[in-house]
Amino acid sequence: MNFAGSLGPRPRTLEVQDLASFDRLVSGGAVNLHGWHAQSLDLRGRSAALKSVSVEGAMFLGCIFDDGMEGYLRSRGALIFPRLEGVPFDPYRAALYSPAELYAGLATSPYEEVPDARIYHWSIQPGQRHRVDSTLASALHDHAIGDALDELTRSGTWTRRPIVGVMGGHAAPRGSREFAEAARLGRLLALEGHSVATGGGPGAMEAANMGAYLSQASDGDVQAALATLAVVPGFRPSVSGWARAAAAVVERHPGGTPSLGIPTWFYGHEPPNYFATHIAKYFANAIREAILLELCHGGIVFLPGAAGTVQEIFQDACENYYGAREKVAPMVLVGRQHWEQEYPAWPMLRSLAAGRAMADYIHLVDTVDEAVEVLRKR
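Please read all numbers here as calculations on a predicted model, not as lab measurements. (Residues numbered from 1 in each chain as written. Predicted model: local features only at pLDDT ≥ 70, side-chain atom pairs only at ≥ 80, totals over all residues. Heavy atoms only, no water.)

## What about the packing of aromatic side chains?
Then step 1. Across all of its chains, the model carries 13 aromatic pairs by this definition.
Then step 2. When the centroid spacing of 6.2 Å and the interplanar angle of 90° are considered together, the rings of F22 and W36 count as edge-to-face. Note that F22 is positioned in helix α1 (residues 19-27) and W36 in strand β3 (residues 36-39), a separation of 14 residues in sequence.
Then step 3. On the basis of relative accessibility, which here comes to 1%, the residue F22 falls in the buried class.
Then step 4. On the accessibility criterion, W36 (3% relative accessible area) is buried. (Phe/Tyr/Trp six-rings, centres within 6.5 Å; stacked < 30°, edge-to-face > 60°. Helix = DSSP H or I, 4+ residues; strand = E, 2+ residues; numbered from the N terminus. Buried < 20%, exposed > 50% of the residue type's maximum accessible area, 1.4 Å probe, protein only.)

Have a look at this one:
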């Protein structure tokens, strides 16, 4: 739950995200629910408790009630956001996704039948993005994900471990040198005390999340995991086989180091990877990209990539270009030939940075070890 204010007579905001919290607060003497935001709760059987308190100014988002209670609560001043029928996701959810949730049923069913795929296919139905009910559901969902992400990153170890982003191409296949190096980068960053965040997809993103997840495993276990994954190099032609190989690694190594993935159904043909323990999946790609860059206050490492990675470099550069010195975060580009010759982002970045506060925060290196060393010195 998020508390903003106190449990006084009229709290400003109190998010109630599970039944145990609701029952505890009501039984603890709460008499005024003004400012309560109850999210996706099954409140059937709790009519007596609701009738015993003042509900004026309370919000109920996607909750289920006993017959007749919605009208009663509205008449008492509560604001009720109804459940949206025909939507294959909870637009009022109170938590981020886990791989097990998005891939629920994968062990016995093909990927096309798991929640992640069903949500994507819903989102691309003809005219879906122009329907009021669909756009409302998507917007409510993305707001809920943003709220859950904010709650996560402001709590526990996430406040003590700087978040470092790893950006790179989605095309790096399992079994390749590029994949292994991205995994080593994720592992080294986690061992240095950073939380790793990626775009949550395949390729370098999966590798970095995997390296972070297995950061406490032995070198032999990491190599065995890489070999297991290499049997299914990519998510084409079968997302099912690709995801099952990753699930098998996670099952052999439960409780790995947490990391973050922020993918999008806008690019739903690219499935989320199974190694990001916390998944903030959005419908709106622009929001997702902005939030990912904003969160990485510990800096971003850009591995070799193409159009998407180039876009991310200059989106981050724009924020650093106009930001005050205390807001500038390190940018580390890995691969001199790639970023100077093949996709010459480095000369442009260096020209932009000249004379700006960001000039001291941009780096071009050749190896992931050098990238980690740069961040260690910041």
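From this point, things continue past the structure.
## As for the nonpolar core
Then step 1. Judged by nonpolar contacts, the single largest core of 94 residues is most densely connected at Y103, L149, L260, V301, L303 and L349.
Then step 2. Ranked by size, the runner-up nonpolar core spans 21 residues in total, among them F22, V26, A38 and M69. (Core = buried A, V, L, I, M, F, W, Y, C linked by side-chain atoms within 4.5 Å.)

## Some remarks on the environment of D133
Then step 1. Counting through the fold element by element, D133 comes out in helix α6 (residues 132-153).
Then step 2. A C-alpha to C-alpha distance of 32 Å links D133 and D23, two positions 110 residues apart in sequence.

## Details of the sheet that holds strand β10 (residues 300-302)
Then step 1. Spatially, seven strands are ordered β9-β8-β7-β6-β10-β11-β12 in an open sheet, and the strand pairing comes out parallel. Looking at strand neighbours, the two that pair on one side only are β9 (278-279) and β12 (362-365), the edges of this open sheet.
Then step 2. Seen against the sheet, helix α8 (residues 204-213) touches β6 (163-167), β7 (195-198) and β8 (260-261) and runs at an angle of roughly 160° to β7. (Pairing = 2+ DSSP bridges. Contact = heavy atoms within 4.5 Å. Axes fitted to C-alpha atoms, helices over the stretch in contact; angles between N-to-C directions.)

## Examining the side chain of S47
Then step 1. As for its position among the elements, S47 is in helix α2 (residues 47-51).
Then step 2. Residue S47 is classed as buried on the basis of its relative accessible area, which comes to 13%.
Then step 3. There is a polar contact of 2.7 Å between the side chain of S47 and the side chain of D66.
Then step 4. Not counting chain neighbours up to four residues away, the residues in contact with S47 comprise D66 and M69. (Polar contact = N/O pair within 3.5 Å; in protein donor to acceptor, adjacent residues only side chain to side chain.)

## Describing empty space enclosed by the protein
Then step 1. On inspection of all chains with the given rule, the structure shows one cavity of 30 Å³ or more.
Then step 2. Size it by volume and the largest cavity reaches roughly 40 Å³.
Then step 3. M167, R288, E289, L292, L293, E312 and Q315 are the residues that line the largest cavity.
Then step 4. Listed by contribution, the elements that provide at least two residues to the lining of the largest cavity are α11 (285-295) and α12 (307-322).
Then step 5. For the lining of the largest cavity, the element with the highest residue contribution is α11, accounting for four residues.
Then step 6. Residue classes in the lining of the largest cavity are distributed as three nonpolar, one polar and three charged. (1 Å grid on protein atoms, 1.4 Å probe; cavity = no way out; pocket = protein on both sides within 12 Å on 5 of 7 lines; lining within 4 Å. Points joined across faces, edges and corners; volume = space filled by probe spheres on them. Nonpolar A, V, L, I, M, F, W, Y, C, P; charged D, E, K, R; others polar.)

## What about the pairing of β7?
The two faces of the sheet receive side chains in turn, since in a regular strand these alternate between them.
Then step 1. Along β7, one buried face is formed by S195 and A197 and the opposite face, lined by V196 and T198, is buried too.
Then step 2. Following the chain from β6 across helix α7 (residues 177-191) to the adjacent parallel β7, one finds a crossover that is right-handed.
Then step 3. Summarising the sheet, β7 and β8 pair through two bridges and their orientation is parallel. Looking across to β8, one finds that A197 is bridged to L260. (Right-handed = clockwise from strand over helix to strand, strands pointing away.)

## What to know about α1
Then step 1. S21, F22, L25 and V26 are the residues of α1 that are buried. Summarising the axial view, the buried residues of α1 lie within an arc of 120°, below the 170-degree limit, and thus occupy one face.
Then step 2. In this structure, the buried side of α1 is in contact with β2 (13-16), β3 and α2.
Then step 3. Two or three places before A20, at the start of α1, stands the capping residue D18, its side-chain oxygen 3.3 Å from that residue's backbone nitrogen.
Then step 4. Once α1 ends, the next one or two residues include G29, with phi positive near 110°. (Arc of directions from axis to C-beta.)

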